[in-house]
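As a plain string of letters, each chain reads:
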Amino acid sequence: MKINPIFISNTNTQNTENLKKTGNIPAFGKKLLEKTRVRKPWGETVRAKFVEYDPKNKKDRKLIYELNHKHWGRTAKYIDNISYSFDRMTKGGAPEKPIKQQYFGLEDRYSHTLAIAQVQSSDKILRLGDMFFPNAAKIVYIQTKPSEIFTSDKRQYEGLGEVLVSRIVKRAKEEGRDSVILYSTNHNFWNNSGFFKIPEQAKKHRVDVMQLKSKDFDNYIKFVENKTNFENPYLDIYA
């Protein structure tokens, strides 16, 4: 039996190279950054995903839009701000360099968004009012799904905000940031760990700014991870 040789076309490779040359590389949507865990109110822990959303991707734009206008709406205090910023990024409204703007999410195993955060970072200076922080990451907004906020009687999870912040802190550590900063509207949340502090310059200006210095990055990450019981024999029973 004669077997004809198989010729493989290099058209796809050529197209990819052309896209690279022209700069018109398509956006591939949200990126899975890390698999993590979140805890249920009754103690078990289940799988979750730490992701980054892409403002250039149509599916991600639709997801953020629907969180704001369909699923979470007015019951979520900051989703409108996050959605507006995300939309501006698609229209060339990115912050001036060297500030980098990113949108991180915490999702369940079915890719349902449980919490979302808008984060800015810079290798140089970030400004909060009249204060300046070198080489920092700033949590601009963080929003948990309304049914999962602390006061909700419908909660299926606990500590979602802490888990999301801990992953953001881990990213800041990997990028070599000096600190993570933010305006605080919930002192109890940020004071809970004991590692987020009011910087001296904030005390002087009497503003509600919190800062986590790089020396405490690992301490905060461990504080949050210790709340997720990895030794629990019922891991994933509800995953």
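This report concerns the structure included in the present document. What you see is a predicted model, and the numbers here were worked out from it, not measured in a lab.

Section: the nonpolar core
Counting 31 residues, the largest nonpolar core has Ile139, Leu164, Val180 and Phe196 as its most contacted members. Going through the elements one at a time, β2 (45–53), β3 (100–108), β4 (113–121), β7 (136–144), α4 (160–174), β8 (179–183), β9 (209–213) and α7 (217–225) are the ones with two or more residues in this core. The element contributing the most residues to this core is α4, with seven residues. Phe196 has contacts with Val165, Val180, Leu182, Trp190, Asn191, Met210, Gln211, Leu212 and Tyr220, leaving out every residue within four places of it along the chain. Ranked by size, the runner-up nonpolar core spans 12 residues in total, among them Val51, Ile64, Leu67 and Ile79.

Digging into the packing of helix α2 (residues 58–71) against helix α3 (residues 79–90)
Axis separation between α2 and α3 bottoms out at 9 Å; the angle between their running directions is 155°. Taken together, the axes of α2 and α3 lie roughly antiparallel to each other. In the packing of α2 onto α3, the handedness of the crossing is left-handed. Contact with α2, carried on its side by Asp60, Arg61, Ile64, Tyr65, Leu67 and Asn68, involves Ile79, Asp80, Ser83, Phe86 and Thr90 of α3 and no other residues of that element. Partitioned by chemical class, the residues of the contact of α2 with α3 number five nonpolar, three polar and three charged.

About the criteria used
- Residues numbered from 1 in each chain as written.
- Predicted model: local features only at pLDDT ≥ 70, side-chain atom pairs only at ≥ 80, totals over all residues.
- Heavy atoms only, no water.
- Core = buried A, V, L, I, M, F, W, Y, C linked by side-chain atoms within 4.5 Å.
- Buried < 20%, exposed > 50% of the residue type's maximum accessible area, 1.4 Å probe, protein only.
- Helix = DSSP H or I, 4+ residues; strand = E, 2+ residues; numbered from the N terminus.
- Contact = heavy atoms within 4.5 Å.
- Axes fitted to C-alpha atoms, helices over the stretch in contact; angles between N-to-C directions.
- Parallel < 35°, antiparallel > 145°, perpendicular 65-115°, else oblique.
- Left-handed = near helix turned anticlockwise from the far one by under 90°.
- Nonpolar A, V, L, I, M, F, W, Y, C, P; charged D, E, K, R; others polar.

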